[in-house]
Amino acid sequence: MRLRNSPNGYGLITIGMHWIVAVAVFGLFGLGLWMRGLDYYSPWYQTAPDIHKSVGLLLLGLMLLRVLWRLYSPAPHVLPTHGRATRLATRFGHAALYLALFGVMIAGYLISTAEGRPIPVFGWFEVPALITSIPRQEDIAGLLHEYLAWALVILSGLHALAALKHHFIDRDATLVRMLGRERN
Amino acid sequence: MLKKTIAALGLGTALLAGQALAADYVIDTKGQHAFVNFKISHLGYSWLYGTFRDFEGSFSFDAQQPESGKVKVTIDTASVDTNHAERDKHLRGDEFLNVDDHPTATFESTAIESTGENTADITGNLTLNGITKPVVISARLLGEGKDPWGGYRAGFEGSTTLRLDDFGITRDLGPAAESVELILSVEGVRQ
């Protein structure tokens with residue numbers, strides 16, 4: 001399979017990044033919800049947030065690469081069966097997903113770094129604090145992080161429903177293209 | 001009747017005299033010579049110290065008549081700071097200080113009892129997390145006198161121990177951390 005996208009289909013790199021992001025988003029959402037309710041004496045009390053932050057920052061790095069890759073290797077042509085409304089909805093939907101993704105990750109970063117501390121990523125390296133002087137930064141960023149996380153999973157759910165609609169109702173190649181099939 | 005009136009007059013005079021003698025001080029938050037700190041055990045192994053960065057207060061004090069004194073302090077609970085952003089966020093939330101619902105905590109004295117040279121028990125009402133309870137602060141006069149800039153200052157330190165669940169904080173931090181020591185260390189500038 002090709003690494004780059006072609007006019008007729010997605011390449012391995014785009015497909016791989018798409019599904020890694022999908023798994024990471026739902027994994028981080030579940031982990032985030034679960035860890036907030038942890039008892040102070042739980043063995044996960046410190047490790048769960050460490051994993052959440054480490055994976056979140058790696059995901060931020062991956063998303064930056066994904067945007068660069070998208071510029072370097074443009075997406076395939078839209079399917080000819082997609083009408084004007086579908087194309088417009090797709091465009092808005094994808095833009096909203098990207099915005100929510102970057103928003104939720106930046107907000108999360110601004111919580112943990114609000115006091116100027118760096119965030120260690122699995123002990124491999126640290127991401128330094130950049131913005132620390134906003135009044136009650138951790139509270140504002142925390143609220144944004146929560147709302148954006150919900151927005152992101154709801155948008156992702158709609159995104160998945162739309163893909164299933166294309167597959168089962170419209171019977172077009174939208175979903176299978178993201179599974180590696182090329183348009184014949 | 002007459003006796004009561006005379007007694008009341010006498011008491012009134014004594015109160016007036018007390019007020020006339022006791023000087024009013026404003027707690028020096030402007031020059032930051034005042035601290036509202038707290039400490040709580042971490043797992044029974046160490047002390048965690050924190051502070052409220054924003055507060056204001058005043059007291060009246062007369063060394064000859066400590067019983068005539070008064071103290072009032074108002075604390076901005078959202079200014080809690082333990083030098084750890086995630087913990088501070090947690091402390092402001094609904095498991096601890098509920099700062100959105102209860103943005104201020106106050107202490108207002110109701111009685112002062114001298115307990116020795118330079119020490120006193122200050123009884124008063126503490127409102128924290130929306131709950132008002134009487135507490136006793138054991139206080140010590142650290143010093144008073146003229147400052148080098150033409151003013152007059154007096155400094156006190158006092159502390160009291162609060163049970164977290166008395167003030168509606170029910171988050172379980174372990175058996176060693178069921179109460180917190182509140183420490184007020186303040187300098188007042190005489191008005």
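Structural data are supplied above this passage.
Residues numbered from 1 in each chain as written. Chains lettered and ligands numbered in written order. Predicted model: local features only at pLDDT ≥ 70, side-chain atom pairs only at ≥ 80, totals over all residues. Heavy atoms only, no water.

Novice: Go over the overall build of chain A, please, and point to the residues and values.
Specialist: Counting its secondary structure elements, chain A contains five helices and two strands. For chain A, the sequential pattern of α-helices and β-strands runs α-α-α-β-β-α-α. Across its three principal axes, chain A shows a C-alpha extent of roughly 55 × 30 × 30 Å. Counting the 184 residues in chain A, one finds 36% classified as buried. (Helix = DSSP H or I, 4+ residues; strand = E, 2+ residues; numbered from the N terminus. Buried < 20%, exposed > 50% of the residue type's maximum accessible area, 1.4 Å probe, protein only.)

Novice: Residues and numbers for the packing of aromatic side chains, please.
Specialist: Scanning the entire structure with this criterion turns up 10 aromatic pairs over all chains. Judged by centre distance (5.0 Å) and plane angle (85°), the rings of B:Phe61 and B:Phe156 are edge-to-face. Taken together, the residues B:Phe61 in strand β4 (residues 55-61) and B:Phe156 in strand β10 (residues 152-163) connect sequence positions 95 residues apart. A relative accessible area of 16% places B:Phe156 in the buried class. An aromatic cluster of at least three residues, connected via ring pairs, comprises B:Tyr25, B:Phe59, B:Phe61 and B:Phe156. Above the plane of the ring of A:Tyr72 lies A:Arg4, whose end atom (NZ or CZ) is 4.5 Å from the centre. Positioned above the aromatic ring of B:Tyr152 is the side chain of B:Arg190, whose terminal nitrogen or guanidinium carbon lies 4.0 Å from the ring centre. (Phe/Tyr/Trp six-rings, centres within 6.5 Å; stacked < 30°, edge-to-face > 60°. Lys NZ or Arg CZ within 6 Å of the ring centre and 35° of its normal.)

Novice: Describe the pattern of salt bridges, listing the residues and the values that go with them.
Specialist: This structure, assessed with the given rule, holds 14 salt bridges over all chains. One salt bridge connects A:Asp139 with B:Arg92, and the closest N-O pair in it is separated by 2.5 Å. Taken together, the positions of A:Asp139 in helix α4 (residues 137-168) and B:Arg92 in helix α2 (residues 85-92) put the pair across two chains. For B:Arg92, a relative accessible area of 9% translates into the label buried. (Salt bridge = Lys/Arg side-chain N within 4 Å of Asp/Glu carboxyl O.)

Novice: With reference to specific residues and values, describe the nonpolar core.
Specialist: Core analysis: the biggest nonpolar cluster contains 45 residues, and B:Phe59, B:Leu97, B:Leu126 and B:Leu162 have the highest contact counts within it. Sequence-distant contacts of B:Leu97, defined by excluding residues within four places in its chain, comprise B:Phe52, B:Thr77, B:Val80, B:Leu91, B:Arg92, B:His102, B:Leu128, B:Asn129 and B:Ile169. Among the nonpolar cores identified, the runner-up in size contains 28 residues, and A:Leu28, A:Ala100, A:Phe102 and A:Val153 belong to it. (Core = buried A, V, L, I, M, F, W, Y, C linked by side-chain atoms within 4.5 Å. Contact = heavy atoms within 4.5 Å.)

Novice: Please provide a residue-by-residue account of the pairing of strand β3 (residues 46-52) of chain B, values included.
Specialist: Residues and elements named next belong to chain B. One ladder, built from seven bridges, connects strand β2 (residues 34-42) with β3; its direction is antiparallel. Among the inter-strand pairings, Val36 is bridged to a residue of β3, identified as Phe52. What sits between the antiparallel neighbours β2 and β3 is a turn of three residues, in which Leu43 has the positive phi angle 65°. Sheet topology note: the β3/strand β6 (residues 80-81) ladder contains two bridges and is antiparallel. Paired with Phe52 across the bridge in β6 is Val80. (Pairing = 2+ DSSP bridges.)

Novice: Describe the interface of chain B and chain A, with residues and values.
Specialist: The interface is formed by 19 residues belonging to chain B together with 15 residues belonging to chain A. When residues of chain B are sorted by the area they lose upon contact with chain A, B:Ala85, B:Glu86 and B:Lys89 head the list and together hold 34% of the total. Linking chain B with chain A are four salt bridges, by the criterion used here. Note that A:Arg136 and B:Asp100 form a salt bridge whose closest N and O atoms lie 3.7 Å from each other. Taken together, chain B and chain A are joined by nine residue pairs in polar contact (both at pLDDT 80 or more). (Buried area = accessible area lost by both parts, 1.4 Å probe. Polar contact = N/O pair within 3.5 Å; in protein donor to acceptor, adjacent residues only side chain to side chain.)

Novice: Pulling in residues and values, what's your account of the side chain of B:Arg92?
Specialist: Only 3.3 Å separates the side chain of B:Arg92 from the side chain of A:Glu138, close enough to count as a polar contact. With near-sequence residues (within four places) excluded, B:Arg92 lies in contact with A:Arg136, A:Glu138, A:Asp139, B:Ala78, B:Val80, B:Leu97, B:Asn98 and B:Val99.

Novice: Residues and numbers for a nonpolar patch on the surface, please.
Specialist: Residues and elements named next belong to chain A. A cluster of nonpolar side chains, Leu33, Trp150, Ile154, Leu158, Leu161, Leu164, Phe168 and Ile169, forms an exposed patch at the surface whose accessible area comes to about 850 Å². At six residues, the largest contribution of residues to the nonpolar patch is made by α4. Positionally, Leu161 belongs in helix α4. (Patch = residues over 30% accessible without salt bridge, like charges linked within 9 Å, V, L, I, M, F, W, Y side chains within 5 Å. Areas by Shrake-Rupley, 256 points an atom, 1.4 Å probe, with all protein chains shown as cover.)

Novice: How would you summarise the packing of helix α1 (residues 12-36) of chain A against helix α2 (residues 44-72) of chain A if you had to cite specific residues and measurements?
Specialist: All names here are of chain A. Relative orientation of the contacting elements α1 and α2 amounts to 155°, with a least axis distance of 10 Å. It follows from the interaxial angle that α1 and α2 lie roughly antiparallel. By crossing handedness, the relation of α1 to α2 is classed as left-handed. Residues of the contact of α1 with α2, tallied by class, amount to 20 nonpolar, five polar and one charged. (Axes fitted to C-alpha atoms, helices over the stretch in contact; angles between N-to-C directions. Parallel < 35°, antiparallel > 145°, perpendicular 65-115°, else oblique. Left-handed = near helix turned anticlockwise from the far one by under 90°. Nonpolar A, V, L, I, M, F, W, Y, C, P; charged D, E, K, R; others polar.)

Novice: I'd like a description of the side chain of B:Ser185, backed by residues and values.
Specialist: All names here are of chain B. In this fold, Ser185 is placed in strand β11 (residues 179-190). Residue class for Ser185 comes out buried when judged on its relative accessible area of 19%. For Ser185, the side chain forms a polar contact with the side chain of Glu157, separated by 2.6 Å. When residues no more than four places from it in sequence are discounted, the contact partners of Ser185 are His33, Ala34, Phe35, Phe156 and Glu157.

Novice: Account for α1(A), with residues named and values stated.
Specialist: All names here are of chain A. In a regular helix each residue adds 1.5 Å, so 25 residues correspond to 36 Å; α1 covers 36 Å between its end C-alpha atoms and thus fits that length. All buried positions along α1 are accounted for by Thr14, Ile15, Met17, His18, Val21, Ala24, Val25, Leu28, Phe29, Gly32 and Met35. Structurally, α1 contributes buried residues whose contacts are with α2, α3 (84-112), α4 and α5 (174-177). (Expected span 1.5 Å × (residues − 1).)

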